[in-house]
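Architecture at a glance
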Number of protein chains: 2
Amino acid sequence: MTEDIQRRPPTSVDVARAAGVSQATVSYVLNDNPNARVSEKTRERVREAAERLGYVPHASARALRTGHSGLVLLPLPMARTGRLAQEWLDALGDALNDAGYTLVYYGERKLKGIAAARDWAALRPVSIIVDSERLTKASVELLKSSGTRAVFGIGSEPSPLVPSMVLDHRQVGELAARHLVERGCRRLGAIVPREAGIDVMGANRWRGVCRVAPDAARLDLAFSEDEARELVAGGDLPDGVFAYNDEYAMLLISALHDAGLRVPDDVAVVGADDLPIASLMRPRLTSVHFDPTANPVELVTLLDEIVRGEREAADGTVVDLFAPRLVVRDSA
Amino acid sequence: MTEDIQRRPPTSVDVARAAGVSQATVSYVLNDNPNARVSEKTRERVREAAERLGYVPHASARALRTGHSGLVLLPLPMARTGRLAQEWLDALGDALNDAGYTLVYYGERKLKGIAAARDWAALRPVSIIVDSERLTKASVELLKSSGTRAVFGIGSEPSPLVPSMVLDHRQVGELAARHLVERGCRRLGAIVPREAGIDVMGANRWRGVCRVAPDAARLDLAFSEDEARELVAGGDLPDGVFAYNDEYAMLLISALHDAGLRVPDDVAVVGADDLPIASLMRPRLTSVHFDPTANPVELVTLLDEIVRGEREAADGTVVDLFAPRLVVRDSA
């Protein structure tokens, strides 16, 4: 056993003893309780003792003031989130911090339904933001009965169970398809990635293309040069393709070029995400750009109102996360 | 106030009352304590009551058995981590879960040194994994005195303060440079991105190039087509360039092509990360691939040994996170 482990972490009792005050006074001072009348001299003595002993108030000390842990849980595997979403989530974390909450990402990814809810609830979050599809009626009830006051869903569609943050992927496909039709394409197709995890998103984007062109071809494709080559070699390609995202667009365009076909003259291609590589491709890629529309500070206000009981937790609120917009370059 | 909020979450006392057993028995059963002799019939009654009331044991109930929170804190903004690192971190999260720990990512990113340590310590993690450069001697001491038993650093170099997970970026540049020299390049250069956050990594990779070619040019470049065009127009380019990563390689190659230069004949280019786009570029991009070498399960064993006091917390352990390896394609 090392000394570090045998040494008991200092408690507020130790600080009180060292400063010659009551434990309640330590709590008032270190938690900045504005209602407590404690002289500046005493406050200094407490702070000095806490500093010297290395005492840090437990986050749950906050729970005593606010009645909750302040923990906002985001059970989201890191590898599942795109760069744009990550920047937005970091901004959300800052806004929550400013409001006295703590955002933690929790990467558990095997559990679903009740088992997942039980696992999340063990951390006693006051709020949870999670893929809508991982929530069931029973799991939302379990979360609430164990003290999670604000449950939010994220997904392609509003959740019937909880307030939702939504990115409607059909809008993305619709926007791309409208552009392809306007520039004169007569047969449309949309790539749907075969990869699990993004296949659902891809199918939703394809459905959006079908709103504009009801007979649009669904082109299922794995992220593989062999498959892309086969798709192109099969002939009978549409003359306008929404390629799901920029990386798939690059995959398709490489295969088209290798087969001697011209973009956009033979096949016009639209990507999505507007990654930095979009403008580096030749031809430069026309792509759907996402503008964040959900103001993290407004979302935190909503969350805080639900947590404090000033607003219904199940009022059908829908927050649009991003607004898609077309950036027209040379590929379509 | 909504009903959800007014309703008090059920406690183990409620479960004990409903099941007609003592609170200790509830704790034994729900925490799977193997030392407790409780009949299967009683166990079932307790589980049934817990289920009916929606009672979930608090994660800190585990603390009573193990003497610690089990929380492993990773204070890492999501937007800072690459896809490869994210997959590895998700695997680490799974391995920690299997060993009874809980990995949480915590995106706070404004604080440093003691202020950061105080913020992290408030969550009472038993272990913390953090950028080595955010740690100071005083902050490590504060973490340990507040109960964080295993502090790990991540960085380009081993930390003098704590066990480290290391990715030596000089090796990456060295590997790329050696290949460029072997294929006959006579003047080497390395792109160092101007973007804050990756500039340090870039400078380390450039230093690795200098190990092989001491007079290698340092090509500072923002991720901008204008700057890339100027760099190429300036002439006097090396005939072998390590482009920092695959996206910068694509930026450089686009600018070279636009200026009528050939890759690799006029300028050979090596990327890094071996992203899916590497093999889609024309010419296909030679790139440094990273193989994960740190087995998450072994790392969890190390962490657990330190937590349980079976191993020194400051024994200078260095874990290599990834092994770089060159994937040779057509661009160099």
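Analysis parameters
Residues numbered from 1 in each chain as written. Chains lettered and ligands numbered in written order. Predicted model: local features only at pLDDT ≥ 70, side-chain atom pairs only at ≥ 80, totals over all residues. Heavy atoms only, no water. Helix = DSSP H or I, 4+ residues; strand = E, 2+ residues; numbered from the N terminus. Buried < 20%, exposed > 50% of the residue type's maximum accessible area, 1.4 Å probe, protein only. Contact = heavy atoms within 4.5 Å. Areas by Shrake-Rupley, 256 points an atom, 1.4 Å probe, with all protein chains shown as cover. Salt bridge = Lys/Arg side-chain N within 4 Å of Asp/Glu carboxyl O. Pairing = 2+ DSSP bridges. Axes fitted to C-alpha atoms, helices over the stretch in contact; angles between N-to-C directions. Expected span 1.5 Å × (residues − 1). Arc of directions from axis to C-beta. Right-handed = clockwise from strand over helix to strand, strands pointing away.

Going by an unreviewed UniProt entry, chain A carries the name DNA-binding LacI/PurR family transcriptional regulator and comes from Nonomuraea soli.

A count of helical and extended segments in chain A gives 13 helices and twelve strands. Each of the 332 residues in chain A was classed as buried or not, and the buried ones make up 55%. Taking the contacts inside chain A whose residues are at least 6 apart along the sequence as the reference set, 68% of them involve residues at least 24 apart. A total of about 14500 Å² of accessible surface is found on chain A, and carbon and sulfur atoms cover 49% of it.

Once that is clear, we can look at the pattern of salt bridges. Side chains that differ in charge, positive against negative, can pair when their charged atoms come close. Summed over all chains, the structure comprises 44 salt bridges over all chains. A salt bridge links D168 of chain A to R170 of chain A; the shortest N-O distance between them is 3.2 Å. On the basis of relative accessible area, D168 of chain A is assigned to the buried category, the value being 18%. Taking the shortest distance from any N to any O, the salt bridge between R284 of chain A and E225 of chain B comes out at 2.8 Å. With one member in each of two chains, R284 of chain A in the loop between β9 (268-272) and β10 (286-292) and E225 of chain B in helix α11 (residues 225-233) form a pair that bridges those chains. Its relative accessible area of 24% is what places R284 of chain A among the partly exposed residues. You can call E225 of chain B partly exposed: its relative accessible area is 22%.

We now examine the environment of L237 of chain B. Residue and element names in this part refer to chain B. Within the secondary structure, L237 sits in the loop between α11 and β8 (240-242). Residue class for L237 comes out buried when judged on its relative accessible area of 18%. Note: C-alpha distance between L237 and D266 (29 residues apart in sequence) is 9.4 Å. Setting aside residues no more than four positions away along its own chain, L237 makes contact with R187, L231, V232, L256 and V267.

Residues and elements named next belong to chain B. Pairing is mixed in the open sheet, where six strands are placed in the order β7-β6-β8-β9-β10-β12. Two strands in the sheet have a free side with no partner beyond their single neighbour: β7 (217-221) and β12 (322-327). Neighbour to neighbour, the strand axes of the sheet diverge by 25° on average, direction disregarded. Here strand β6 (residues 188-193) pairs with β7 via five bridges, running parallel. Looking across to β7, one finds that A190 is bridged to R218. Running at roughly 155° to strand β9 (residues 268-272), helix α12 (residues 246-258) makes contact with β6, β7, β8, β9 and β10 (286-292) of the sheet.

Residues and elements named next belong to chain A. The sheet contact formed by strand β3 (residues 127-131) and strand β4 (residues 150-155) spans five bridges and is parallel. If you follow S127 over to β4, its bridge partner there is A150. Examined bridge by bridge, β4 and strand β5 (residues 164-166) share three bridges and lie parallel to one another. Its bridge partner being in β5, I154 is matched across the sheet by M165.

Residues and elements named next belong to chain A. Here six strands make up an open sheet; going across it, the order is β7-β6-β8-β9-β10-β12 and the pairing mixed. Of all strands in the sheet, those with a lone pairing partner are β7 (217-221) and β12 (322-327), marking the two edges. Each adjacent strand pair in this sheet contributes to an overall mean axis angle of 25°, direction not counted. Relative to the sheet, helix α12 (residues 246-258) contacts β6 (188-193), β7, β8 (240-242), β9 and β10, its axis offset from that of β9 by approximately 155°.

All names here are of chain A. Taking 1.5 Å of rise per residue, 14 residues should cover 20 Å, and helix α4 (residues 40-53) covers 20 Å from first to last C-alpha, within 8% of that figure. Looking at α4, one finds that the buried residues are T42, R43, V46, A49 and A50. For α4, the arc enclosing every buried residue in end-on projection is 130°, short of the 170-degree limit, so these residues lie on one face. What points out from α4, more than 90 degrees from its buried face, is the exposed set K41, E44, E51 and R52. Residues of α4 that are buried make contact with α2 (12-19) and α3 (23-30). Positive phi shows up at G54, right after α4, with a value of about 70°.

Moving on: the pairing of β3 of chain A. All names here are of chain A. Burial runs high along β3: five of the five residues are buried. Where strand β1 (residues 71-74) lies against β3, two bridges are found, and the strand directions are parallel. Looking across to β3, one finds that V72 is bridged to S127. Traced from β3 through helix α8 (residues 137-145) to β4, the parallel crossover comes out right-handed.

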